[in-house]
There are 2 protein chains.
Amino acid sequence: MATMLQAPPDQMQELGQQLRVDAVRCSAAAGSGHPTSALSAADLMAVLLARYLRYDMRNPHNPNNDHLIFSKGHASPLLYAMLRAAGAISDEELLSYRRLGSRLEGHPTPRLPWVEVATGSLGQGLPIGAGLAMTGARLDRLPYHVWVLCGDSELAEGSIWEAFELAGYERLERLTAIIDVNRLGQRGPTRHQWDTEAYARRISAFGWHTIEVDGHDAAAIDRAYAEALSTTGRPTAIIARTIKGRGVSEVEDEEGMHGKPLSHPEAAIEQLGGVRNVSVAVSGPESSSPPNTFPSGTLTIPRFEVGDKVATRTAFGKALAAIGAARGDVVALDGEVSDSTRTEFFADEFPERFFEAFISEQQMISMAIAMQVRGWKPYAATFAAFLSRAYDFVRMAAIGRANLRLCGSHAGVAIGQDGPSQMGLEDLALFRAVHGSTVLYPCDANQAAHLTAEMADVDGISYLRTTRGNTPVIYGPAEVFPVGGSRLLRSSSSDRVTIVGAGVTVHEALKAAEELASRDIVARVIDLYSVKPVDVATLQTAARDTGRIVTVEDHWPEGGLGDAVLSAFADGSVQPRVRKLAVRSMPASAKPEEQLHAAGIDASAIVEAATSLVHS
Amino acid sequence: MATMLQAPPDQMQELGQQLRVDAVRCSAAAGSGHPTSALSAADLMAVLLARYLRYDMRNPHNPNNDHLIFSKGHASPLLYAMLRAAGAISDEELLSYRRLGSRLEGHPTPRLPWVEVATGSLGQGLPIGAGLAMTGARLDRLPYHVWVLCGDSELAEGSIWEAFELAGYERLERLTAIIDVNRLGQRGPTRHQWDTEAYARRISAFGWHTIEVDGHDAAAIDRAYAEALSTTGRPTAIIARTIKGRGVSEVEDEEGMHGKPLSHPEAAIEQLGGVRNVSVAVSGPESSSPPNTFPSGTLTIPRFEVGDKVATRTAFGKALAAIGAARGDVVALDGEVSDSTRTEFFADEFPERFFEAFISEQQMISMAIAMQVRGWKPYAATFAAFLSRAYDFVRMAAIGRANLRLCGSHAGVAIGQDGPSQMGLEDLALFRAVHGSTVLYPCDANQAAHLTAEMADVDGISYLRTTRGNTPVIYGPAEVFPVGGSRLLRSSSSDRVTIVGAGVTVHEALKAAEELASRDIVARVIDLYSVKPVDVATLQTAARDTGRIVTVEDHWPEGGLGDAVLSAFADGSVQPRVRKLAVRSMPASAKPEEQLHAAGIDASAIVEAATSLVHS
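Position labels on residues start from 1 in each chain and follow its written sequence. Labels are handed out in written order, letters beginning with A for the chains and numbers beginning with 1 for the ligands. At least 70 in pLDDT is required for a residue's local features to be given in this predicted model, at least 80 for side-chain atom pairs to be given and counted, and no such filter applies to totals for whole chains, interfaces and linings, which use all residues. The side-chain quantities take in all heavy atoms of the structure and omit both hydrogens and water.

1. Overview of the overall build of chain A
Reasoning step 1: For helices the rule is a DSSP run of H or I covering at least 4 residues; for strands it is a run of E covering at least 2, with both sets numbered from the N terminus onward. Summing up its helical and strand segments, chain A has 23 helices and 21 strands in all.
Reasoning step 2: For the C-alpha atoms alone, the extent of chain A along its principal axes is close to 90 × 50 × 40 Å.
Reasoning step 3: When the 616 residues of chain A are sorted by exposure, 70% land in the buried category.
Reasoning step 4: We get accessible surface area from the Shrake-Rupley algorithm with a probe of 1.4 Å; when it comes to residues, only the shown protein chains can shield them. When the accessible surface of chain A is summed, it comes to about 17,900 Å², and 47% of that surface belongs to carbon and sulfur atoms.
Reasoning step 5: Treating the 57 positive side-chain charges of chain A as one cloud and the 73 negative ones as another, the clouds have centres 2 Å apart. Only protein chains enter the accessibility calculation, which uses a 1.4 Å probe. A residue is then buried if its area is under 20% of the maximum for its type, exposed if over 50%, and partly exposed in between. His is not counted, nor are the chain ends, whereas Lys and Arg count as positive and Asp and Glu as negative. We put the charge of a Lys on NZ, of an Arg on CZ, of an Asp on CG and of a Glu on CD.

Below is the structure:
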């Protein structure tokens, strides 16, 4: 292989053609893929790879490495062609693209060590890139540069503008968005087609430096990158006019050619000048500084007195501050409701590690994803209802093997007067349906504090559901609550029915059990604080012992606690009769206790369900 | 009451003070609410109500009425104060704010006839308003004006910028955004505080006319509205500098006063000049034209031949076009993937009723919500995975009693090589957890076509899940598939196990049943095309007859088809043993059949599960 090192721009054309050829080859071998979307950006990436990217290819975990994110993840053939040129993967592996068992997936994922986040849902790479630039500036305090390759179509996503706002406002000068304006989306022209000025006007209004460039002119691209690196106090957007399918006359600027391998790949390769073996020695980072760290101390989980009334959201906030004191790698983010979620306690003590995302939940999650890429341990919080705004980002975070700790406050009808728009009533279903997730729902302050602390070491997406109102402290501060466990709050050999609740409904269950006892119905009460994974053994034992189960949750009936309980009985080894109490009609405004009653999830509803189960 | 009709601007101050007083009074009566957020916008709304809004208060359904949306839904006390001033609600009802049973919820919902959409999740009112302006311009073809009151905090939401882009690009001159720049969010200052020029620069870059104004100067506000109405070819944003808590010195421009009733409401009312009884005779619309309609015809549902292989997404698209021919009130929207979802068939035939949302799913759903406000019947489609981007909007649509028909294509691992970012694997859980929703998942083309047609008359949020690849046509074109039903595909008195699938897994179930028959295990097969509501009777009968159930779904294990089946057995009247087959590990790229096998949801996995159930 000919080796190219910091090659002059006029030699870039050759590398660009190689990237094109390799994108065509691997898509042809796969029989699928998006070669035309790779062809448009090949020159942009050739110049970046050979002359500007600072990356230790042998050590993807070098903290000083630049970051390169393909926000247009469908251009993956181009990324893989770059990795071949950089010597990271073999030609053989390149041609395994999209095959069973290959690391080269249709859209990039961290299965490949040079890929840090999953992309493929458009509009996510730039928000994560902005998050990485924040991480570099505020947490790592290292001079790595963040390069994000964006498509033009994805600029229609609002999340992109959340990122432009964040990065412009925060003056993230080490962030460069490279926008491949190839004019054509999947099904036809974009709104602005080749009107690069329309993009420049919008993006510069958000405080960015913008450069319009011919995306196939290597010298012009080179100047643009140099200008981006020398621009201070502002991030830079390079808005590159390109041609989709560039270099292959059969598909150049043609509609209807998105997401399809070329019909005549051999002819295309010939037209592109044939297979090449240019090898790029990617420059390593200049800096070898260690990343900044913050001091760690000992963990003192906050303690709450049994019998006091304390909101679990308050306990979460206090525990988060305690974890912040214990672990310098813990950071927190909030969607402009830190006085409600109580992340304010952390923010007050560790302002350098607290990130205000304002009301942009998608950007908040993206920032959290970025921070965990660099080894930080983010907790991000907003109302449970509003985390749903960022669900696609959480879904993609799971695909990206991200470790995120999320807290949704103001769960359920129990919030009271604010009404349904502010009530998280589907969050358990949403977070249970995230691959590899952990879903926790504490009922008292000590439990909330312990679970918050445990989340620090839980891999994957973990979710804590907290409650707005004060609830009685029922557990002592020294008790432990392992993920996957549950607590038996009342249990005896004469139990005739089991009540399973979590969060606010635990207290209703305890009240109901008292009332049932006065009617000579002895009830077992389980606090199912770990909704996923669920404590199958305890549930099956209860089913075996009592034969009757009442589940009660401040959530819609679908996908929440009741369904989690039913799944524990699916194997049929024990077959209880189950009554699932949940919110079944649309709430309005009312006091919390009125809401619980109207929804049929208060103590009286539990008593009625349990009694009817026992007597039928 | 003194009556004010098209009063001069200098009398507006009095009305503004009344709105303030009433906002304070109702929040005080409720003991909760957001009076300070109402106080900042009172002058803006006073001038609008008395001099610009064209609305027949006695007939909220008058098609020529202007539309007023409180995108900052938490300012509801101001909206209700306006309704009192307009004579729509009594003072007594005003003081029922946030109480059990009141129509005056904490955040506005269509429980009140003068409210058309639910707000309270920020960043949604403007996208819906843009959708209403599109509806007026392109569908109704009526000159109604759309007024949207926005907060400054919510401009951080990306969805707001999707709306600015849509409305600017489409030159929606009958849309006015009134931005209440009161500087303070919930927990503190916004990014741009009173830098109204920062907002103006951004918004005008998107093609809007912008006017910066003192939001407490009635004459200036008046001029701004007049300018907005006379501006052609562009929407207008009135960027009003205001003071949060304006008029009550205790809270004016004070942090920490968001979302709280005033501590001293009586003093505040006195400072505001006391209770007033100004009555506003709101002007009715000038136009009395009927809304535009499109021709209707007869419905000819497309027919597919048994034995052919046709993708359900194709059948959806063809059926949608057929429904479009039959019903002039049906409209379609897509998120720039109409060649994939197949809404292109509708777009080709009815371009006037097709709306390209580009890659902005939140704006797509918002447009659909807007169109159904005016009685149109929207179908909106994108990949199932990407509908998750708009989940908060769907959640709010349900609170707003909206009727939406959604289609998610490319469901599950069955899509093959594109990989997990493109696979809808949580959509059944997400849509089951929407209040009042209907969830449908056809397995063949005729079924898909019939269900698509049925959705036109389904109230609430209905969701159709379609498949990328071709599947065999197994039902004749004349068969019917009622919502809430299922189909027995194999059934006999000697059935020993029941296999329940939907979509692609129905075909795997049929193959498995053949294989099981060769092993002397007779299996019942149920096509559970209606995942919600679910056919409890058929499932219970199968459980009773066979005692063993295998569920199989191309979805994560949580919240989908398996959980829907388990919920049918919760009452314990019949207690089968259930094996739930679902996708349990993170997929990568592979061919569809390889994906089904790797996920353990193909025929061989079903055979194994059924055999082990029968033999254990």
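2. Quick look at the relation of the copies chain B and chain A
Reasoning step 1: At an RMSD of 0.0 Å, chain B and chain A line up after a rotation of 180 degrees and a shift of 0.0 Å along the axis. With respect to symmetry, the two chain copies, as superposed, fit the operation of a two-fold axis. Ranked by how close their C-alpha atoms come to the rotation axis, the residues of chain B are headed by Gly158(B), at 1.8 Å.
Reasoning step 2: Contacts are assigned to residue pairs with any non-hydrogen atoms lying within 4.5 Å of each other. Interface residue correspondence from chain B to chain A reaches 100%, placing this contact among same-surface, isologous pairings. Alignment of copies: least-squares fit on C-alpha atoms of residues with pLDDT of at least 70 in both copies.

3. Some points on the interface of chain B and chain A
Reasoning step 1: Each partner contributes residues to the interface: chain B has 98 residues there, and chain A has 98 residues.
Reasoning step 2: Note on terms: buried area is the combined drop in 1.4 Å-probe accessible area of two parts once they are placed together, counting the loss on both. On the chain B side of the contact with chain A, Arg187(B), Arg191(B) and Arg389(B) bury the most area, a combined 11% of that side's loss.
Reasoning step 3: Salt bridges are defined by distance alone: a side-chain nitrogen of Lys or Arg within 4 Å of a carboxyl oxygen of Asp or Glu. Inspection of the region where chain B meets chain A yields 16 salt bridges.
Reasoning step 4: As a salt-bridge pair, Arg389(B) and Glu157(A) come within 3.8 Å of each other at their nearest N and O atoms.
Reasoning step 5: Counted as a polar contact is a pair of N or O atoms within 3.5 Å, where, for protein atoms, one must be capable of donating a hydrogen and the other of accepting one, and residues adjacent in sequence contribute only when both atoms are in side chains. Viewed at the interface, chain A and chain B are joined by 57 residue pairs in polar contact (both at pLDDT 80 or more).
Reasoning step 6: All amino acids are sorted into three groups, where Ala, Val, Leu, Ile, Met, Phe, Trp, Tyr, Cys and Pro are nonpolar, Asp, Glu, Lys and Arg are charged, and the leftover types, Gly among them, are polar. Residues that form the side of chain B that touches chain A fall into these classes: 34 nonpolar, 33 polar and 31 charged.

4. So, the pattern of salt bridges
Residues and elements named next belong to chain B.
Reasoning step 1: Within the structure shown, the criterion is met by 70 salt bridges over all chains.
Reasoning step 2: Among the salt bridges present, the one from Arg276 reaches Glu14, with a minimum N-O distance of 2.6 Å. Taken together, the residues span a long stretch of sequence, with Arg276 in the loop between helix H10 (265-271) and strand S7 (278-280) and Glu14 in helix H1 (residues 12-30) at a distance of 262 residues.
Reasoning step 3: On the basis of relative accessibility, which here comes to 11%, the residue Arg276 falls in the buried class.

5. Regarding the sheet that holds strand S12 (residues 404-409) of chain A
Residues and elements named next belong to chain A.
Reasoning step 1: Each pair of strands is called paired provided DSSP finds at least two bridges between the two strands. What the seven strands build is an open sheet, ordered S10-S9-S11-S12-S14-S13-S19; its pairing is mixed. On the outer flanks of this sheet lie strand S10 (354-356) and strand S19 (530-532), each paired with one strand and no other. On average, each strand axis in the sheet is tilted by 20 degrees relative to the strand beside it, whichever way the strands run.
Reasoning step 2: Pairing of strand S11 (residues 377-383) with S12, which is carried by five bridges, proceeds in the parallel orientation. Pairing of Phe383 across the sheet is with Ser409, part of S12.
Reasoning step 3: Comment: axis = line fitted to C-alpha atoms, over the contacting stretch for helices; angle = value between 0 and 180 degrees taken between N-to-C directions. Each of strand S9 (330-334), S11, S12 and strand S14 (461-465) is contacted by helix H11 (residues 312-326), which is oriented at about 165 degrees to S11, the strand it contacts most.

6. What to know about the packing of helix H11 (residues 312-326) of chain B against helix H18 (residues 445-455) of chain B
All names here are of chain B.
Reasoning step 1: For the pair H11 and H18, interaxial distance at closest approach is 8 Å and the crossing angle is 40 degrees. By the angle between their directions, the pair H11 and H18 is classed as oblique. For the pair H11 and H18, the sense of crossing is right-handed. Residues Thr312, Ala315, Phe316, Ala319, Leu320 and Ile323 of H11 touch H18, and the partners they reach there are Ala445, Ala448, Ala449, Thr452 and Ala453.
Reasoning step 2: Tallied by class, residues from the contact of H11 with H18 come to nine nonpolar, two polar and no charged. Here the angle decides the label: under 35 degrees means roughly parallel, over 145 means roughly antiparallel, 65 to 115 means roughly perpendicular, and every other value means oblique. Left-handed describes a crossing whose near helix is turned anticlockwise from the far helix by less than a right angle; the clockwise case is right-handed.

7. So, the sheet that holds strand S10 (residues 354-356) of chain B
Residues and elements named next belong to chain B.
Reasoning step 1: Pairing is mixed across the open sheet formed by seven strands, whose spatial order is S10-S9-S11-S12-S14-S13-S19. Sheet topology places S10 and strand S19 (530-532) at the edges, where each strand pairs with a single neighbour. With direction set aside, neighbouring strand axes in the sheet form an average angle of 20 degrees.
Reasoning step 2: The pairing of strand S12 (residues 404-409) with strand S14 (residues 461-465) spans five bridges and is parallel. Bridge pairing in S14 places Arg405 opposite Ser462.

8. With respect to unusual backbone geometry
Reasoning step 1: With omega at -5 degrees, the peptide bond leading from Lys532(A) into Pro533(A) counts as cis.
Reasoning step 2: The topology assignment puts Pro533(A) in the loop between S19 and helix H20 (536-546).
Reasoning step 3: In this model, Gln193(B) sits at a positive phi of 45 degrees, which is unusual for a non-glycine residue.
Reasoning step 4: Tracing the chain through its elements places Gln193(B) in the loop between strand S4 (175-181) and helix H8 (196-205).
Reasoning step 5: Looking at Gln193(B), the relative accessible area reads 30%, which means it is partly exposed.
Reasoning step 6: Notably, Arg342(B) is not glycine yet its phi reads approximately 80 degrees, a positive angle.
Reasoning step 7: With respect to the element layout, Arg342(B) can be found in the loop between helix H12 (338-341) and helix H13 (344-349).

9. Topic: the side chain of Ser409(A)
Reasoning step 1: Here Ser409(A) lies in strand S12.
Reasoning step 2: Among residues more than four places away in sequence, those in contact with Ser409(A) are Ser340(A), Thr341(A), Thr382(A), Phe383(A), Ala384(A) and Thr466(A).

10. Brief notes about helix H19 (residues 504-518) of chain B
In an α-helix, one turn spans 3.6 residues, which is why side chains three or four residues apart end up on the same side.
Residue and element names in this part refer to chain B.
Reasoning step 1: Expected span of a helix: the number of residues minus one, times 1.5 Å. Taking 1.5 Å of rise per residue, the 15 residues of H19 would be expected to cover 21 Å, and the 22 Å separating its terminal C-alpha atoms lies within 8% of that figure.
Reasoning step 2: All of the buried residues along H19 are Val504, Thr505, Val506, His507, Glu508, Ala509, Ala512, Ala513 and Leu516.
Reasoning step 3: Asp520, located one to two residues past H19, shows a positive phi value of around 65 degrees.

11. Some thoughts on the pairing of strand S4 (residues 175-181) of chain A
All names here are of chain A.
Reasoning step 1: For S4, the tally of buried residues reaches seven of seven residues, placing the bulk of the element in the interior.
Reasoning step 2: With burial as the criterion, each face of S4 is covered, one bearing Leu175, Ala177, Ile179 and Val181 and the other bearing Thr176, Ile178 and Asp180.
Reasoning step 3: Think of it like this: strands point away, you trace from the first strand over the helix to the second, and a clockwise trace means the crossover is right-handed. In the classification by handedness, the crossover that spans strand S3 (residues 146-151), the intervening helix H7 (residues 158-169) and the parallel S4 is right-handed.
Reasoning step 4: Pairing of S4 with strand S6 (residues 236-241) involves six bridges; the strand directions are parallel. Within S6, the residue paired with Val181 across the bridge is Arg241.

12. What to know about the packing of aromatic side chains
Residues and elements named next belong to chain B.
Reasoning step 1: By convention, a stacked pair of Phe, Tyr or Trp rings (six-membered ring in the case of Trp) has centres within 6.5 Å and planes under 30 degrees apart, an edge-to-face pair has planes over 60 apart, and any other such pair is tilted. On inspection of all chains with the given rule, the structure shows 27 aromatic pairs over all chains.
Reasoning step 2: Measuring from centroid to centroid gives 5.4 Å for Tyr52 and Tyr225, while their planes differ by 50 degrees, and the two rings are tilted. One end of the pair, Tyr52, is in helix H3 (residues 42-52); the other, Tyr225, is in helix H9 (residues 218-230), and 173 residues separate them in sequence. Taken as a pair, Tyr52 and Tyr225 share a single burial class, namely buried.
Reasoning step 3: Their ring planes at 80 degrees and their centres at 4.8 Å tell us that Phe164 and Trp208 sit as a pair that is edge-to-face.

13. Topic: the packing of H7(A) against helix H7 (residues 158-169) of chain B
Reasoning step 1: Where H7(A) contacts H7(B), the axes come no closer than 7 Å and their chain directions differ by 110 degrees. Taken together, the axes of H7(A) and H7(B) lie roughly perpendicular to each other. Read as a crossing pair, H7(A) and H7(B) show a hand that is right-handed. In this structure, H7(A) contributes Gly158(A), Ser159(A), Trp161(A) and Glu162(A) to the contact, and H7(B) contributes Gly158(B), Ser159(B), Trp161(B) and Glu162(B).
Reasoning step 2: Residue composition of the contact of H7(A) with H7(B), by class: two nonpolar, four polar and two charged.

14. Section: the state of the cysteines
Reasoning step 1: Throughout, a disulfide means two cysteine sulfur atoms within 2.5 Å of one another. Scanning the model with the defined rule gives zero disulfides over all chains in all.
Reasoning step 2: Not engaged in a disulfide, the cysteine Cys407(B) finds its nearest cysteine sulfur in Cys443(B); these two sulfurs lie 15 Å apart.

15. Brief notes about the environment of Val117(A)
Residue and element names in this part refer to chain A.
Reasoning step 1: When you line up the elements, Val117 lands in the loop between helix H5 (91-94) and helix H6 (125-140).
Reasoning step 2: For Val117, a relative accessible area of 7% puts it in the buried group.
Reasoning step 3: Placed 48 residues apart in sequence, Val117 and Ile69 show a C-alpha to C-alpha distance of 7.7 Å.

16. A word on the confidence of the model for chain A
Reasoning step 1: When pLDDT is averaged across chain A, the result is 97; 98% of the residues are at 70 or more.
Reasoning step 2: For this predicted complex, the interface confidence reaches an ipTM of 0.98, while the overall pTM sits at 0.98. Residue-level confidence of the predictor is what pLDDT reports, using numbers from 0 through 100.

17. Remarks on the environment of Leu561(B)
Residue and element names in this part refer to chain B.
Reasoning step 1: Its location among the elements puts Leu561 in helix H21 (residues 561-568).
Reasoning step 2: Using a relative accessible area of 1% as the deciding quantity, one classes Leu561 as buried.
Reasoning step 3: The sequence separation of Leu561 and Ser287 amounts to 274 residues, and the corresponding C-alpha distance is 50 Å.
Reasoning step 4: Residues within four places of Leu561 in sequence aside, it is in contact with Leu428, Val500, Gly501, Ala502, Leu528, Val531, Thr551, Val552 and Glu553.

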